[in-house]
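Examination of the molecular architecture
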Amino acid sequence: AEGLSEKGIRVLRFEFPYMQERRQIGKKRPPNTQAVLLDCWRSAIEKAEEYGPVFIGGKSMGGRMASLLADSVRVEGLICLGYPFHALGKPEKTRVEHLQTLSTPTLILQGTRDAMGSQYRVAEYELSKAIKLVWLDDGDHDLKPRVKSGFTHQNNLDTAIQHIVSFIGATH
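Residues numbered from 1 in each chain as written. Predicted model: local features only at pLDDT ≥ 70, side-chain atom pairs only at ≥ 80, totals over all residues. Heavy atoms only, no water.

1. Observations concerning the side chain of Ser 67
Going by this rule: Going along the chain from the N terminus, every DSSP run of H or I of four or more residues is numbered as a helix, and every run of E of two or more is numbered as a strand. Here a polar contact means two N or O atoms within 3.5 Å. Within protein one must be a hydrogen donor candidate and the other an acceptor candidate, and residues neighboring in sequence count only if both atoms are side-chain atoms. Whether two residues are in contact is decided by their heavy atoms: any pair within 4.5 Å suffices.
In this structure, Ser 67 sits in helix 4 (residues 61-69). A distance of 2.6 Å separates the side chain of Ser 67 from the backbone oxygen of Arg 64, its partner in a polar contact. Excluding residues that lie within four positions of it along the chain, Ser 67 makes contacts with Leu 78, Tyr 83, His 98, Leu 99 and Leu 102.

2. Topic: the pattern of salt bridges
Inclusion rule: One side-chain nitrogen of Lys or Arg within 4 Å of one carboxyl oxygen of Asp or Glu is enough to make a salt bridge. Each residue is placed in one exposure class: buried if its accessible area under a 1.4 Å probe, protein chains only, is under 20% of its type's maximum, exposed if it is over 50%, and partly exposed if it falls in between.
Across all of its chains, the model carries seven salt bridges by this definition. Note that Glu 21 and Arg 29 form a salt bridge whose closest N and O atoms lie 3.1 Å from each other. Accessibility expressed as a relative area gives 33% for Glu 21, which makes it partly exposed. A relative accessible area of 33% places Arg 29 in the partly exposed class. In this structure, Arg 74 engages Glu 49 in a salt bridge whose closest nitrogen and oxygen atoms are separated by 3.0 Å. Of this pair, Arg 74 sits in the loop between helix 4 and strand 2 (77-81) while Glu 49 sits in helix 3 (residues 34-49), and the two are 25 residues apart along the sequence. Of the residues examined, Glu 49 reaches a relative accessible area of 30% and is grouped as partly exposed. Linked by salt bridges that have partners in common, Arg 113, Asp 138 and Arg 146 make up one network.

3. Considerations on the sheet that holds strand 2
Which entries qualify depends on this criterion: Here the rule is simple: two strands pair whenever DSSP picks up at least two bridges between them. Inter-axis angles, ranging from 0 to 180 degrees, are taken between N-to-C directions of lines fitted to C-alpha atoms, where helices are fitted over the stretch in contact.
Taking strand neighbours across the sheet as the criterion, the four strands line up as 1-2-5-6 in an open arrangement whose pairing is parallel. Since the sheet does not close on itself, it has two edges, and those belong to strand 1 (55-59) and strand 6 (131-136), each with one partner. Strand after strand, the sheet turns through a mean of 15° between neighbouring axes, direction not considered. With six bridges joining them, strand 5 (residues 106-111) and strand 6 adopt parallel strand pairing. Residue pairing across strands places Thr 106 opposite Ile 131, the latter belonging to strand 6. Across the face of the sheet, helix 4 comes into contact with strand 1 and strand 2 while running at roughly 145° to strand 1.

4. Section: the side chain of Asp 138
By the secondary structure assignment, Asp 138 is in the loop between strand 6 and helix 6 (153-171). In this structure Asp 138 comes out as buried when scored by relative accessible area, which is 12%. Among the polar contacts made by the side chain of Asp 138, one reaches the side chain of Arg 146 at a distance of 2.4 Å. Ignoring sequence-local partners within four residues, the contact set of Asp 138 consists of Thr 112, Arg 113, Lys 144, Pro 145, Arg 146, Ser 149 and Phe 151.

5. Observations regarding the packing of helix 3 against helix 4
Which entries qualify depends on this criterion: Any angle between 65 and 115 degrees counts as roughly perpendicular, while under 35 counts as roughly parallel, over 145 as roughly antiparallel, and the rest as oblique. Throughout, the ten residues Ala, Val, Leu, Ile, Met, Phe, Trp, Tyr, Cys and Pro are labelled nonpolar, Asp, Glu, Lys and Arg are labelled charged, and all others, Gly among them, are labelled polar.
At a minimum axis distance of 10 Å, the contact between helix 3 and helix 4 shows a crossing angle of 80°. In this view, helix 3 runs roughly perpendicular relative to helix 4, as classed from their interaxial angle. Taking contact as the criterion, the partners of Gln 34, Leu 37, Leu 38, Trp 41 and Ile 45 in helix 3 are, on helix 4, Met 61, Gly 62, Met 65, Ala 66, Leu 68 and Leu 69. For the contact of helix 3 with helix 4, the residue count by class is nine nonpolar, two polar and no charged.

6. Concerning unusual backbone geometry
Although it is not a glycine, Ser 60 sits at a positive phi angle of roughly 55°. Take Ser 60: it is sitting in the loop between strand 1 and helix 4. Even without a glycine there, the phi angle at Asp 138 is positive, about 60°.

7. Some details on the environment of Arg 95
Its location among the elements puts Arg 95 in the loop between strand 4 (90-94) and strand 5. By relative accessible area, which is 24% here, Arg 95 ends up partly exposed. Counting along the chain gives 40 residues from Arg 95 to Trp 135, while the straight-line C-alpha distance between them is 18 Å. Discounting chain neighbours no more than four positions away, the residues touching Arg 95 are Arg 64, Tyr 83, Pro 84, Phe 85, His 86, Ala 87 and Met 116.

This is the structure:
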């Protein structure tokens, strides 16, 4: 968010209720229901609309929830970082069906060794032509590479920011 803001892109951040509670009480909480999460997204989009064209997205589940409603709301595009293509440790439990028909221009930034969607595994999925997939070198689900790779987390974040800025510029 800070890197995008430095590039002149206004970023509206919010937390889902379970994350707010986790931060307040210091204990892990299970996620809210999908309906609650999608309502949070709709509310955030309503607030953002007053500032001009809206792109939605997020990290992991935030991006996944945004992707579920992208085609049904007025947004210019969708940006997902570390998309959870399948449940952790359960590659048979995919979360890609709606991505096959997604029509919203979409940018997914994914670490090549993401445990919820590695480059190898995602190559097996049929994704909509509206999706541009960018692989970040040796990144895990948080886009962090291993030290021995020679890449840094900051390298991957800088690369992600460049791609997001280009995507917004090309889409808007």
